[in-house]
Amino acid sequence: MKPSFKNIITILILASEGGWFIFSTPPADYGEWAVRFGVVLFSLAALFGSVTLLIFLNRKNPPAIFRSSTLCILSYSQIIYCGLMYRHGAVSDLSLPLFQGICGFLIWKYETTLKNKLIALSNLLYSSLWAISLGGHLYYWHISHDAETVGLVTAEKIMAVIFIIAVSAMTILIPRNQKADEANS
């Protein structure tokens, strides 16, 4: 199937968000409490903004609001995972692609409109970068205190953006079985 212009534009939007999000999340050696405060404040702000946008875009479809909001909230649970598992270093951050792949699959399976997919995938991307930042930050301040950790966390952020853009492209471009969707409705 040939990708439509809307799908390509959506993937380009996610790629540009990825670049912007990399620079908006702090490095691992940033202030000891600034990252902890920032992850909570900015994640809640992004989640609140996303849910507000979902409510506005799906005013006449309450099940879509609930489904999309649940998928957005689910993506932020990886921040809790990285915050708790930071002692395992890169192993915990490199296990995130499994979680991100599952989230991408759930978005592909349950989201029907492109606008809801874009919002859910943007939240997945943003929460992934904050999760890696928080895990790297905690590892830096409590375990390593070296420049290698800062470089590794930055490399992990870049790999996460590339991986999530690939998952997003698959989520957007792979068609779903529309007849099965109509039968289940």
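As the structure is a prediction and not an experimental result, all values here were calculated from the model.

Chemist: Can you walk me through the overall build of the chain in this structure?
Modeler: Tallying secondary structure elements over the chain gives nine helices and zero strands in all. Counted from the first residue to the last, the chain has its helices and strands arranged as α-α-α-α-α-α-α-α-α. Relative to its length of 185 residues, the chain is compact, with a C-alpha radius of gyration of 17 Å against a globular reference of 16 Å. Its C-alpha atoms give the chain principal-axis dimensions of about 55 × 30 × 25 Å. A burial count over the chain gives 42% of its 185 residues as buried. Summed over its atoms, the accessible surface of the chain is roughly 10000 Å², and 73% of this surface lies on carbon and sulfur atoms. Across the chain, 13 positive and 10 negative side-chain charges occur, with their mean positions spaced 17 Å apart.

Chemist: Could you clarify how one ought to interpret the side chain of Gln100 in this entry?
Modeler: Positionally, Gln100 belongs in helix α6 (residues 96-110). Exposure remark for Gln100: the relative accessible area of 2% places this residue in the buried category. Not counting chain neighbours up to four residues away, the residues in contact with Gln100 comprise Gln78, Leu124, Ser128, Phe163, Ile164 and Val167.

Chemist: When you look at the packing of aromatic side chains in this model, what are you seeing that I'm missing?
Modeler: The relation between two aromatic rings is expressed through the spacing of the ring centres and the mutual angle of the planes. Inspection of the entire model under this criterion finds six aromatic pairs. Ring centres 6.1 Å apart and planes at 20° place the aromatic pair Phe42 and Trp130 in the stacked group. Of this pair, Phe42 sits in helix α2 (residues 34-57) while Trp130 sits in helix α7 (residues 114-144), placing them 88 residues apart in sequence. Overall, Phe42 belongs to the partly exposed group, its relative accessible area being 42%. Within the aromatic cluster, the residues linked to one another by ring pairs are Trp20, Phe21, Phe42, Tyr126 and Trp130. Across from the ring centre of Trp33, 4.5 Å away, lies the NZ or CZ of Arg36, which sits over that ring. The positively charged end of Lys109 is found above the aromatic ring belonging to Tyr110, 6.0 Å away from the centroid.

Chemist: Please explain the packing of helix α1 (residues 5-24) against α7 as it appears in this structure.
Modeler: When two helices pack together, their arrangement is given by the angle between their axes and by how far apart the axes lie. It is at 10 Å that the axes of α1 and α7 come closest, and there the two elements cross at 20°. With respect to α7, the axis of α1 lies roughly parallel. α7 is crossed by α1, and the crossing has right-handed handedness. Contacts from Lys6, Asn7, Thr10, Ile13, Leu14, Glu17, Gly18, Phe21, Ile22 and Ser24 in α1 reach Leu114, Leu118, Leu121, Ser122, Leu125, Tyr126 and Leu129 in α7.

Chemist: Help me understand the confidence of the model for the chain, please; the structure alone is not making it clear to me.
Modeler: Interpretation of this model should avoid reading the predicted coordinates in detail wherever pLDDT is low. Model confidence for the chain is summarised by a mean pLDDT of 88, while 94% of its residues fall at 70 or above. When the criterion is pLDDT under 50, residues 180-185 qualifies, and its contacts beyond four places in sequence or with other chains add up to one contact.

Chemist: Just checking my understanding: could you explain unusual backbone geometry for this structure?
Modeler: Residues apart from glycine generally show negative phi values, whereas peptide bonds are mostly found in trans. In this model, His145 sits at a positive phi of 55°, which is unusual for a non-glycine residue. In this fold, His145 is placed in the loop between α7 and α8 (147-173).

Chemist: Sorry, what's going on with α6 here?
Modeler: For an α-helix, 3.6 residues make a turn, and residues three or four places apart therefore share a direction. For α6, built from 15 residues, the straight-helix expectation of 21 Å at 1.5 Å per residue is met to within 8% by its first-to-last C-alpha distance of 21 Å. Among the residues making up α6, those that are buried are Leu96, Gln100, Cys103, Gly104 and Ile107. Buried residues in α6, looked at end-on, bunch into an arc of 100°, giving them a common side. Of the surrounding secondary structure, the elements contacted by the buried residues of α6 are α3 (62-75), α4 (77-84), α5 (90-94), α7 and α8.

Conventions we followed
- Per chain, the residues get numbers from 1 upward, laid out in the order the sequence is written.
- Local features in a predicted model are, by the rule used here, given only for residues with pLDDT of at least 70; side-chain atom pairs are given and counted only at 80 or more, and totals for whole chains, interfaces and linings are based on all residues.
- For the side-chain quantities, the full set of heavy atoms in the structure was used; hydrogens and water were omitted.
- Secondary structure elements follow DSSP: runs of H or I no shorter than four residues count as helices, runs of E no shorter than two count as strands, and numbering proceeds from the N terminus.
- Taken over C-alpha atoms, the radius of gyration is set against a globule rule of 2.2 Å times the number of residues to the power 0.38.
- A simple rule labels every residue: compare its accessible area, found with a 1.4 Å probe on the protein chains alone, to the largest value its type can have, and call it buried under 20%, exposed over 50%, or partly exposed in between.
- Surface exposure here means Shrake-Rupley accessible area, sampled with a 1.4 Å probe, where a residue is shielded only by the protein chains that are shown.
- Only four residue types enter the tally: Lys and Arg on the positive side, Asp and Glu on the negative side, with His and both chain ends excluded.
- Where a charge lies is defined by one atom per residue type: Lys uses NZ, Arg uses CZ, Asp uses CG and Glu uses CD.
- By the convention used here, residues are in contact when the closest approach between their heavy atoms is within 4.5 Å.
- Under the pairing criterion, centres of Phe, Tyr and Trp rings, with the six-membered ring standing for Trp, must be within 6.5 Å; the plane angle then separates stacked pairs below 30 degrees from edge-to-face pairs above 60, leaving the rest tilted.
- By definition, being over a ring means that NZ of Lys or CZ of Arg is both within 6 Å of the ring centre and within 35 degrees of the ring normal.
- The axes are straight lines fitted to the C-alpha atoms, using for helices just the contacting stretch, and the angles between their N-to-C directions are given from 0 to 180°.
- Geometric relationships in this document are graded by angle, where less than 35 degrees denotes roughly parallel, more than 145 denotes roughly antiparallel, 65 to 115 denotes roughly perpendicular, and other angles denote oblique.
- In a left-handed crossing the near helix is turned counterclockwise from the far helix by less than a right angle, and in a right-handed crossing that turn is clockwise.
- Values of pLDDT, the confidence the predictor places in each residue, fall between 0 and 100.
- One less than the number of residues in a helix, times 1.5 Å, gives the span that helix is expected to have.
- It is the directions from the helix axis to the C-beta atoms whose arc is reported.

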